[in-house]
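An overview of the molecular structure
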Amino acid sequence: MVAAVVIVAALLLLWLVTGVRVVQQYERGVVFRLGRVSGQVREPGVSLLIPVADRMRKVNVQVVTMPVPAQEGITKDNVSVSVDAVLYFRVMDPVKATVDVQNYSFAMLQVAQTSLRSIIGKSELDDLLSGRENLHQGLEVMLESPATGWGVQIDRVEIKDVSLPDSMKRSMARQAEADRERRARIITADGEFQAAAKLAEAAGKMSETPAAMQLRLLQTVVEVAAEKNSTLVLPFPVELLRFFEASAARAADPEA
């Protein structure tokens, strides 16, 4: 009897040692019994297995941050670029992620690379540089279909960087410089046009009152004299010159 009790105790201890598994909070356990998926997915905590018959595979359900290597391609407007991205996903169905695909992480990486190359060929350079929100949505839609069949949920996918050839960078810099110069010239010309309009309006107002011209002349003299200059240039009225010219003409021709 004692020997039988010892044997039973030893077998029980062996069963506890080989049949007890601990599933972490961030994991889910998929149990295979004689090669077939058995029961529900094991939740975090202690899980008992049948020795020899059962085998558990633990699946991480945390959000996975996967960098997508840079992919080279030609955009829709024939520009060679290199684009890299980052993919965030998590396992929602551990059974599908274990049974339906051999390595879901590697599969998601390959799908992300092919989808990124496809997006590059369908997009223009301006979209890659400034319109990335639509590209992110397009990438997510392209990844969603295969990911759902593998029990994976796409949280988000984003383009990290767009690398351009040096010649294209120089061309874009020259284009930006020319555009800034064009805007500067337009602003300067518009300012001169407005100033000329205001001067013409002021001249019209002064022509109605001749004394205003003299007052403006005196004001200009006062502003120049305030600078403590040793030389003062005083404008001579053109009307006075015309008066002297008319007087000289009358003196030269008494009959006139």
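Comments concerning the overall build of the chain
The helix and strand inventory of the chain stands at eight helices and eight strands. Scaling as 2.2 N^0.38, a compact globule of 256 residues should have a C-alpha radius of gyration of about 18 Å, whereas the chain reaches 43 Å, well beyond that. Based on the C-alpha atoms only, the size of the chain along its principal axes is roughly 165 × 40 × 35 Å. Sequence-distant contacts, at least 24 apart, represent 65% of the contacts inside the chain between residues at least 6 apart. Within the structure as shown, the chain displays about 17,800 Å² of accessible surface, and the carbon and sulfur contribution to it stands at 58%. Averaged over its 29 positive side-chain charges, the chain has a centre that lies 13 Å from the centre of its 31 negative ones.

Description of a nonpolar patch on the surface
Where nonpolar side chains cluster on the molecular surface, the patch consists of Ile7, Leu11 and Leu14 and spans about 310 Å² of accessible area. If you trace the backbone, leucine 11 turns up in helix 1 (residues 2-19). Assessed through its relative accessible area of 54%, leucine 11 is described here as exposed.

Considering helix 1
The end-to-end C-alpha separation of helix 1 is 25 Å, in line with the 26 Å expected for 18 residues at 1.5 Å each. Counting buried positions along helix 1 gives one out of 18 residues, so the element sits mostly on the surface.

Here we look at the packing of helix 3 (residues 104-122) against helix 5 (residues 132-149)
For any two helices packed against each other, the geometry is given by the interaxial angle and the distance between the axes. Contact pair helix 3 / helix 5: the axes reach a minimum separation of 10 Å and the direction vectors enclose 140°. Our classification of the angle between helix 3 and helix 5 gives oblique. Helix-helix and strand crossings are classified by hand; for helix 3 and helix 5 the assignment is right-handed. Within the contact between the two elements, helix 3 uses Met108, Val111, Ala112, Ser115, Leu116, Ser118 and Ile119 and helix 5 uses Leu135, Gly138, Leu139, Met142, Leu143, Pro146 and Ala147. Considering only residue class, the contact of helix 3 with helix 5 consists of eleven nonpolar, three polar and no charged.

Some words on the sheet that holds strand 7 (residues 80-91)
Sheet architecture is open: three strands sit in the order 6-7-8, paired in antiparallel fashion. Two strands bound the open sheet, and with one partner strand each, they are strand 6 (64-74) and strand 8 (152-163). On average, each strand axis in the sheet is tilted by 25° relative to the strand beside it, whichever way the strands run. Of the strand pairs in this sheet, strand 6 and strand 7 are connected by nine bridges, and their pairing is antiparallel. Bridge pairing links methionine 66 to leucine 87 in strand 7. Sheet strands touched by helix 5: strand 7 and strand 8. Its angle to strand 8, the strand with the most contacts, is close to 140°.

Brief notes about a negative patch on the surface
A surface patch of negative charge is lined by Asp77, Glu124, Asp126 and Asp127. Structurally, glutamate 124 can be placed in the loop between helix 3 and helix 4 (125-130). The class for glutamate 124 is partly exposed, based on a relative accessible area of 36%.

How each quantity is defined
- Residues numbered from 1 in each chain as written.
- Predicted model: local features only at pLDDT ≥ 70, side-chain atom pairs only at ≥ 80, totals over all residues.
- Heavy atoms only, no water.
- Helix = DSSP H or I, 4+ residues; strand = E, 2+ residues; numbered from the N terminus.
- Rg over C-alpha atoms; globule rule 2.2 N^0.38 Å.
- Contact = heavy atoms within 4.5 Å.
- Areas by Shrake-Rupley, 256 points an atom, 1.4 Å probe, with all protein chains shown as cover.
- Lys, Arg positive; Asp, Glu negative; His and termini not counted.
- Charge placed at Lys NZ, Arg CZ, Asp CG, Glu CD.
- Patch = residues over 30% accessible without salt bridge, like charges linked within 9 Å, V, L, I, M, F, W, Y side chains within 5 Å.
- Salt bridge = Lys/Arg side-chain N within 4 Å of Asp/Glu carboxyl O.
- Buried < 20%, exposed > 50% of the residue type's maximum accessible area, 1.4 Å probe, protein only.
- Expected span 1.5 Å × (residues − 1).
- Axes fitted to C-alpha atoms, helices over the stretch in contact; angles between N-to-C directions.
- Parallel < 35°, antiparallel > 145°, perpendicular 65-115°, else oblique.
- Left-handed = near helix turned anticlockwise from the far one by under 90°.
- Nonpolar A, V, L, I, M, F, W, Y, C, P; charged D, E, K, R; others polar.
- Pairing = 2+ DSSP bridges.

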